[in-house]
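# Close look at the chain arrangement
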Amino acid sequence: MNSKIVPVLAIDGPSGSGKGTVGQLLAERLGWHFLDSGALYRALGIAASRVGEALLHDADALARLAVSLDIRFVPQPSGAPVRVILNGTDVGDAIRTEDSGRLASIVAAVPQARAALLQKQHAFRRMPGLVADGRDMGTTVFPDAILKIFVTASAAVRAERRYKQLKEKGFDANLRRLLDEIRERDARDAALTASPLKPAADACILDTSSLSISDVVDRIHGLLQERLAR
Ligand code: DC
């Protein structure tokens, strides 16, 4: 079957915009597959650092490792983050740590690694449809997506959301520091030469600063139904 006929909903945006939770809830509601592309970069970063941190800076070896990686996702209910199985072993919470985010941002800046992960991302495109979450889903990975959403929220709102999340989990958190980290991460993501964070020309921009998760899910679901009915 031509994979191009499988509809893709591309959801891109910066960290903390809520796109991950929204994407998973939409995939659940639609009964579609879900690609957490950030988790692919995180898994590659973890796998590379296990071999040795030097590998993180060897573009060709990194690309070879990316091609050979066996990565599987196990979807979780109610918008909870997917579990990641790397070479047959559940990575556990290590996939969501700040350190795996740091490793991911290093490998994400390597064009050869991005190219090597492209095929893995395309393999997620299966019937009846795919919700793909990331930074470059609509621009690079699935340019023919049926609907492209670029989710934004002000840095202050994203810092507050992260602050609440950490507090709820019982972690110590500093709002000012979180805000600085988010601004730094935005600047790094926007500066990526291989795939900078920017909306596709045909993306719908959705500012979620004053919207709840369920509002965002409903809005995107409505837009998607319109597109599918065309
Ligand atoms: O969304 P996240 O925090 O799990 O992403 C981790 C890192 O991977 C972040 O630095 C951005 C990068 N990334 C990317 O470059 N392209 C994607 N499609 C997804 C994530």
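Report on the accompanying structure. Model, not experiment: these values are computed from the prediction. (Residues numbered from 1 in each chain as written. Predicted model: local features only at pLDDT ≥ 70, side-chain atom pairs only at ≥ 80, totals over all residues. Heavy atoms only, no water.)

What follows is about the packing of aromatic side chains. Under the counting rule described, the total for this entry stands at one aromatic pair. The interplanar angle of 40 degrees and the centroid separation of 5.2 Å between the aromatic rings of Phe73 and Phe124 together place this pair among those described as tilted. Separated by 51 residues along the polypeptide, Phe73 in strand β3 (residues 71-74) and Phe124 in the loop between α5 (111-122) and β6 (130-134) bring together distant segments of the chain. With a relative accessible area of 14%, Phe73 lands in the buried category. The class of Phe124 is buried, set by a relative accessible area of 14%. (Phe/Tyr/Trp six-rings, centres within 6.5 Å; stacked < 30°, edge-to-face > 60°. Helix = DSSP H or I, 4+ residues; strand = E, 2+ residues; numbered from the N terminus. Buried < 20%, exposed > 50% of the residue type's maximum accessible area, 1.4 Å probe, protein only.)

Moving on: unusual backbone geometry. Each neighbour pair has its own omega, and for Met127 with Pro128 the value is 5 degrees, a cis peptide bond. Mapping Pro128 onto the fold places it in the loop between α5 and β6. Residues other than glycine seldom take positive phi values, yet Asn87 does so here, at roughly 45 degrees. Following the sequence through the fold, Asn87 ends up in the loop between β4 (83-86) and β5 (89-90).

Moving on, we come to the site of the ligand. As a structural note, the neighbourhood of the ligand is formed by 16 residues, with Ser37, Arg42, Arg114, Arg135 and Asp136 the closest of them. In the model, an oxygen atom of the ligand is placed 2.9 Å from a nitrogen or oxygen of the Arg135 side chain. Protein contacts shield 93% of the accessible area of the ligand, which totals 450 Å² for the unbound molecule. Elements supplying a minimum of two residues to the shell around the ligand: α2 (37-51), α4 (98-108) and α8 (175-191). With four residues, α2 is the largest single contributor of residues to the shell around the ligand. Grouping the amino acids of the shell around the ligand by side-chain chemistry returns five nonpolar, four polar and seven charged. (Near = heavy atom within 4 Å. Polar contact = N/O pair within 3.5 Å; in protein donor to acceptor, adjacent residues only side chain to side chain. Areas by Shrake-Rupley, 256 points an atom, 1.4 Å probe, with all protein chains shown as cover. Nonpolar A, V, L, I, M, F, W, Y, C, P; charged D, E, K, R; others polar.)

The strand order across the open sheet built from three strands is β3-β4-β5, with neighbouring strands paired in antiparallel fashion. Two strands close off the open sheet at either side, each with one partner strand: β3 and β5. Summarising the sheet, β3 and β4 pair through four bridges and their orientation is antiparallel. Residue pairing for β4: Arg72 is matched across the bridge by Ile85. Here α2 sits on the sheet in contact with β3 and β4, set at roughly 40 degrees to β4. (Pairing = 2+ DSSP bridges. Contact = heavy atoms within 4.5 Å. Axes fitted to C-alpha atoms, helices over the stretch in contact; angles between N-to-C directions.)

That's the geometry; what it means functionally is another story.
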